[in-house]
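Structural description and commentary
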Amino acid sequence: MAAPDLPPGYALCRATLLDLRALHRLERVIFPRDAYPYFELALLFLVPRIINLKIVAPDGSLAGFVSASRGLSYERGWIITLGVAPAHQRRGLGTALLTAVETRLKRPFVRLTVRESNLPAIRLYQRVGYTVVGRHPAYYRDGETGLIMEKRLSVNS
Ligand SMILES: CC(C)(COP(=O)(O)OP(=O)(O)OC[C@H]1O[C@@H](n2cnc3c(N)ncnc32)[C@H](O)[C@@H]1OP(=O)(O)O)[C@@H](O)C(=O)NCCC(=O)NCCS
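Description of the structure in this document. (Residues numbered from 1 in each chain as written. Predicted model: local features only at pLDDT ≥ 70, side-chain atom pairs only at ≥ 80, totals over all residues. Heavy atoms only, no water.)

1. Section: unusual backbone geometry
Peptide bonds are trans in most cases, and residues, glycine excluded, mostly fall at negative phi. Selection criterion: Counting from the N terminus, the helices are DSSP H or I runs at least four residues long and the strands are E runs at least two residues long. Residue exposure (1.4 Å probe, protein chains only): buried if accessible area is under 20% of the type maximum, exposed if over 50%, otherwise partly exposed.
Not every positive phi belongs to a glycine, and Arg90 is a case in point at roughly 65 degrees. Structurally, Arg90 can be placed in the loop between strand E4 (76-84) and helix H3 (93-105). Judged by its relative accessible area of 87%, Arg90 falls in the exposed class. Within the chain, Lys106 stands out as a residue other than glycine whose phi angle is a positive 50 degrees. By secondary structure assignment, the location of Lys106 is in the loop between H3 and strand E5 (109-115). On the basis of relative accessibility, which here comes to 53%, the residue Lys106 falls in the exposed class.

2. So, the sheet that holds strand E6 (residues 131-136)
To keep things clear, this is the line we draw: By the convention used here, strands pair only if DSSP detects at least 2 bridges between them. Axes here refer to lines fitted to C-alpha atoms; in helices the fit is confined to the stretch in contact. Angles between the N-to-C directions go from 0 to 180 degrees.
In space, the seven strands of this open sheet follow the order E1-E2-E3-E4-E5-E7-E6, with mixed pairing throughout. Two strands lie at the open edges of the sheet, namely strand E1 (11-14) and E6, each paired on one side alone. Looking at each pair of strands side by side, their axes are set apart by 25 degrees on average, direction ignored. Note: E5 against strand E7 (residues 146-152), seven bridges, orientation antiparallel.

3. A look at the site of the ligand
Rule in force here: Each residue is tested against the molecule or strand, and it is near if at least one of its non-hydrogen atoms lies within 4 Å. Definition of a polar contact: a pair of N or O atoms within 3.5 Å, with one able to donate and the other able to accept a hydrogen when the atoms are protein atoms, and with sequence-neighbouring residues admitted only if both atoms are side-chain atoms. Where accessible areas are quoted, they stem from the Shrake-Rupley method and a 1.4 Å probe; at the residue level, only the protein chains shown are allowed to cover. Gly is put with the polar residues, along with every residue not named as nonpolar or charged; the nonpolar set is Ala, Val, Leu, Ile, Met, Phe, Trp, Tyr, Cys and Pro, and the charged set is Asp, Glu, Lys and Arg.
Around the ligand, a shell composed of 21 residues is seen, among which Val84, Arg90, Thr95, Asn118 and Arg127 lie nearest. Take Arg90: an N or O atom from its main chain is 2.8 Å from an oxygen atom of the ligand. The backbone of Arg91 places a nitrogen or oxygen atom 3.3 Å from an oxygen atom of the ligand. Starting from 910 Å² of accessible surface for the ligand in isolation, the protein chains cover 79%. Counting only elements with at least two residues in the shell around the ligand, the list comes to E4, H3, E5 and helix H4 (119-127). Ranked by residue count, the leading element in the shell around the ligand is H4, at six residues. Classifying every residue of the shell around the ligand gives ten nonpolar, seven polar and four charged.

4. Topic: the packing of aromatic side chains
Condition: Pairing of aromatic rings covers Phe, Tyr and Trp, the last through its six-membered ring, and needs centres within 6.5 Å; plane angles under 30 degrees mean stacked, over 60 mean edge-to-face, and all others mean tilted. By definition, being over a ring means that NZ of Lys or CZ of Arg is both within 6 Å of the ring centre and within 35 degrees of the ring normal.
Enumeration over the complete set of coordinates arrives at three aromatic pairs. Cation over ring: Arg115 sits above Tyr140, and NZ or CZ is 4.4 Å from the ring centre.

5. Brief notes about the pattern of salt bridges
Close approach of charged atoms allows side chains of opposite charge to pair. The test is simple: Salt bridges are counted wherever a side-chain nitrogen of Lys or Arg sits within 4 Å of a carboxyl oxygen of Asp or Glu.
Within the structure shown, the criterion is met by ten salt bridges. Residue Arg115 is joined to Asp34 by a salt bridge in which the shortest nitrogen-to-oxygen separation is 2.8 Å. Taken as a pair, Arg115 in strand E5 and Asp34 in the loop between helix H1 (20-30) and helix H2 (38-46) lie far apart in primary sequence, 81 residues in all. Residue classification places Asp34 among the partly exposed positions, given a relative accessible area of 23%. Measuring nitrogen to oxygen at the nearest pair gives 3.9 Å for the salt bridge that ties Arg76 to Glu150. One end of the pair, Arg76, is in strand E4; the other, Glu150, is in strand E7, with 74 residues separating them in the sequence.

6. Concerning the packing of H1 against H2
What counts, and what does not: Any angle that is under 35 degrees is reported as roughly parallel, and any over 145 degrees as roughly antiparallel; angles of 65 to 115 degrees are reported as roughly perpendicular and all others as oblique. Each crossing is labelled by how the near helix is turned from the far one, with a counterclockwise turn of less than a right angle marking it left-handed and a clockwise turn marking it right-handed. The contact definition used throughout considers only heavy atoms, calling two residues in contact when any of these lie within 4.5 Å.
Where H1 contacts H2, the two axes come as close as 10 Å, and the packing angle between them is 130 degrees. Relative to H2, H1 is oriented oblique. For the crossing formed where H1 meets H2, the hand is right-handed. Seen from H1, the contacting residues are Leu20, Arg21, Leu23, His24 and Glu27; seen from H2, they are Tyr38, Leu41, Ala42 and Phe45. By residue class, the composition of the contact of H1 with H2 is six nonpolar, one polar and two charged.

Here is the structure:
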């Protein structure tokens, strides 16, 4: 798999059902309010047209994960979830996961939804070319607004 820039010892590769338990643990740490239930995470690996990538840390643990759907149209893919374990953040892993999954989506556009208070994620998305294209009031269970962000991808990517 083409390797984006990663710190030494980290490896990016496809995630599988074998990663489900570690992914569930990671989700509960980084999304205290929004973690997907175990069963819904399992679906990521069972439903077609979903791309799941992970970064493995030098000690073999799950450092980060991204899941994206090619969707039903050829127009647009969606990032479903993106997360990097706290001990591995600010080393470029989030950027690497996003870039890698965008390349594999092979769609002209990609979208995602992010809490409007999630400034670290919004900064990351803006930095790699996403802009806000919509707002979804009360998108989250606690009533917070979701920002819809979009990036135009190279058609040849
Ligand atoms: C958002 C997240 C995926 C970023 O992962 P990461 O590996 O730390 O991101 P990167 O190292 O690639 O950061 C790239 C840039 O994003 C911005 N950024 C990332 N984390 C940031 C933070 N805590 N505060 C401010 N800016 C931040 C910075 O501009 C950063 O560049 P810099 O480190 O050179 O300043 C990670 O913080 C995370 O998993 N958060 C919890 C889950 C989450 O919110 N996921 C997104 C849901 S939509």
